[in-house]
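Breakdown of the fold
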Amino acid sequence: MPVAARYAGPARELARRAGDDFIFRPGPADRGYKNFVNGFAGRLAAGPGGPLSAGRCRASFLCDHLAAGTPVPVLLAITGIAEAESLARYARHVPGVSPSKAALRARWLAETSR
């Protein structure tokens, strides 16, 4: 699975030490529904000064990557999100990134064909 360049070294070291064991948690994620990871963002309600939560961290991570221009196929692979259109709820918070599902899908298609 791809990681941002600044995390490549630490991720490589974690993988080396883990050998055949798991790095983050034992067993695969329980994916009860498509794009299950977006459930976090769908329940975000706190403002910028609100409490820190896994959902807020995830939303910040995704918005930062969208703002930085991380290719959509890479961002989907990093996060486990299944469809580019699912990034729309994050893109609406990022200046210069279209929150249109069609635009996000078109970007994914263009970046996939490179």
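So, here's what we can say about the structure. (Residues numbered from 1 in each chain as written. Predicted model: local features only at pLDDT ≥ 70, side-chain atom pairs only at ≥ 80, totals over all residues. Heavy atoms only, no water.)

Notes on the side chain of Thr70
Worth spelling out the cut-off: Runs of E in the DSSP output that reach at least two residues are strands. Runs of H or I that reach at least four are helices, and both are numbered from the N terminus. Buried, partly exposed and exposed residues are distinguished by accessible area as a fraction of the type maximum, computed with a 1.4 Å probe on protein chains only: under 20%, between the cut-offs, and over 50%, respectively. Two N or O atoms form a polar contact when they lie within 3.5 Å of each other; inside protein one atom must be a possible hydrogen donor and the other a possible acceptor, and for residues adjacent in sequence the pair counts only when both atoms belong to side chains. Between two residues, a contact is recorded if the distance between any of their heavy atoms is within 4.5 Å.
Examined against the element boundaries, Thr70 turns out to sit in the loop between α3 (54-68) and α4 (72-79). Using a relative accessible area of 13% as the deciding quantity, one classes Thr70 as buried. Side chain to side chain, Thr70 and His65 meet in a polar contact 2.7 Å long. Excluding residues within four positions of it along the chain, Thr70 makes contact with His65, Leu75 and Arg107.

Things to note about the nonpolar core
Note the cut-off: We call a set of buried Ala, Val, Leu, Ile, Met, Phe, Trp, Tyr and Cys residues a nonpolar core when their side-chain atoms join them within 4.5 Å.
If you look at the biggest cluster of nonpolar residues, it comprises 16 residues, and the most contacted ones within it are Leu62, Leu66, Leu76, Leu87 and Tyr90. Only α3, α4 and α5 (88-91) provide two or more residues apiece to this core. Residues within four places of Leu62 in sequence aside, it is in contact with Leu75, Thr79, Ile81, Leu87 and Tyr90.

Re α3
We count it as follows: Here the expected span of a helix is defined as 1.5 Å times the quantity of residues minus one. The arc in question is the one spanned by the directions pointing from the helix axis to the C-beta atoms.
For α3, built from 15 residues, the straight-helix expectation of 21 Å at 1.5 Å per residue is met to within 8% by its first-to-last C-alpha distance of 21 Å. Burial in α3 covers these residues: Gly55, Arg58, Ala59, Leu62, Cys63, His65 and Leu66. All buried residues of α3 project into a common sector of 165 degrees when viewed along the axis, lining one side. Those residues of α3 that are exposed and angled more than 90 degrees off the buried face are Asp64, Ala67 and Ala68.

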